[in-house]
Amino acid sequence: MTRRQQIIEILQQNKQTAQQLANYFQTDLSEILEDLQHIEKSIKPKKLKITPAYCRKCNFMFKERSKASKPSKCPRCKSEWIEAQMFWIE
Ligand SMILES: [Zn+2]
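The paragraphs below set out a description of the structure included in this document. Just so you know, these numbers come straight off a predicted model, no measurement behind them.

**Looking at the overall build of the protein**
Each helix and strand in the protein was counted, giving three helices and five strands. Across the protein, helices and strands are ordered from the amino to the carboxyl terminus as α-β-α-α-β-β-β-β. Over its C-alpha atoms the protein spans a radius of gyration of 13 Å, differing by no more than 12% from the 12 Å that the globule rule assigns to 90 residues. Each of the three principal axes of the protein carries a C-alpha extent, and together these read 45 × 30 × 20 Å. For the protein, the proportion of its 90 residues judged to be buried stands at 12%. The contacts in the protein between residues at least 6 apart in sequence include a share of 54% that link residues at least 24 apart.

Written out as structure tokens, the structure reads:
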């Protein structure tokens, strides 16, 4: 099974951050993000879903669906306590 197939299996069962996947596969975050882009195209009609990143201090939601890892700072309260976006497949 390829890494992408394994990621698909995992994301069908659990929500994961890209960082968690990178840790699990002991690879770079950028590689996981690339995998996720390919997966999104290859799993149709299923969908790669993404929960937005949010600020754990003031609950600000990062609306943009950016594929880049996670925002480093909250634009509202400047906190760096940001919960990363999570991915799953439905
Ligand atoms: Zn905030």
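There is more to say, and it comes next.
**Focus on unusual backbone geometry**
The omega torsion of the bond from lysine 44 to proline 45 falls at 10°, within 30 degrees of zero and hence cis. In this structure, proline 45 sits in the loop between α3 (29-42) and β2 (48-51). One non-glycine residue, glutamine 26, lies in positive phi territory at about 50°. In this structure, glutamine 26 sits in the loop between α2 (18-24) and α3. On the basis of neighbour counts, which here come to 6 C-beta atoms within 10 Å, the residue glutamine 26 falls in the exposed class. Positive phi is not limited to glycine here, since asparagine 59 has a value of about 70°. Looking at where asparagine 59 falls in the secondary structure, it is placed in the loop between β3 (54-55) and β4 (82-83).

**Some details on the sheet that holds β2**
Reading across from one edge, β1-β5-β2 is the order of the three strands in this open sheet, with antiparallel pairing throughout. On the outer flanks of this sheet lie β1 (16-17) and β2, each paired with one strand and no other. Of the strands in this sheet, β1 and β5 (86-89) touch helix α1 (residues 3-13), which is tilted by about 95° from β5.

**Concerning the environment of glutamate 83**
For glutamate 83, the position within the fold is in strand β4. Overall, glutamate 83 belongs to the partly exposed group, with 15 C-beta atoms counted inside 10 Å. With 64 residues separating them in the primary sequence, glutamate 83 and glutamine 19 have C-alpha atoms 11 Å apart. Apart from residues no more than four positions distant in its own chain, glutamate 83 is found in contact with Ala53, Tyr54 and Arg56.

**Focus on the environment of threonine 51**
Looking at the secondary structure, you find threonine 51 in strand β2. It is 15 Å that separates the C-alpha atoms of threonine 51 and leucine 21, two residues lying 30 residues apart in sequence. When residues no more than four places from it in sequence are discounted, the contact partners of threonine 51 are Lys15, Gln85 and Met86.

Cut-offs used in this document
- Residues numbered from 1 in each chain as written.
- Predicted model: local features only at pLDDT ≥ 70, side-chain atom pairs only at ≥ 80, totals over all residues.
- Helix = DSSP H or I, 4+ residues; strand = E, 2+ residues; numbered from the N terminus.
- Rg over C-alpha atoms; globule rule 2.2 N^0.38 Å.
- Buried ≥ 20, exposed ≤ 12 C-beta atoms within 10 Å, placed from the backbone.
- Contact = placed C-beta atoms within 7 Å.
- Pairing = 2+ DSSP bridges.
- Axes fitted to C-alpha atoms, helices over the stretch in contact; angles between N-to-C directions.

No statement about biological role is implied by the geometric values presented.
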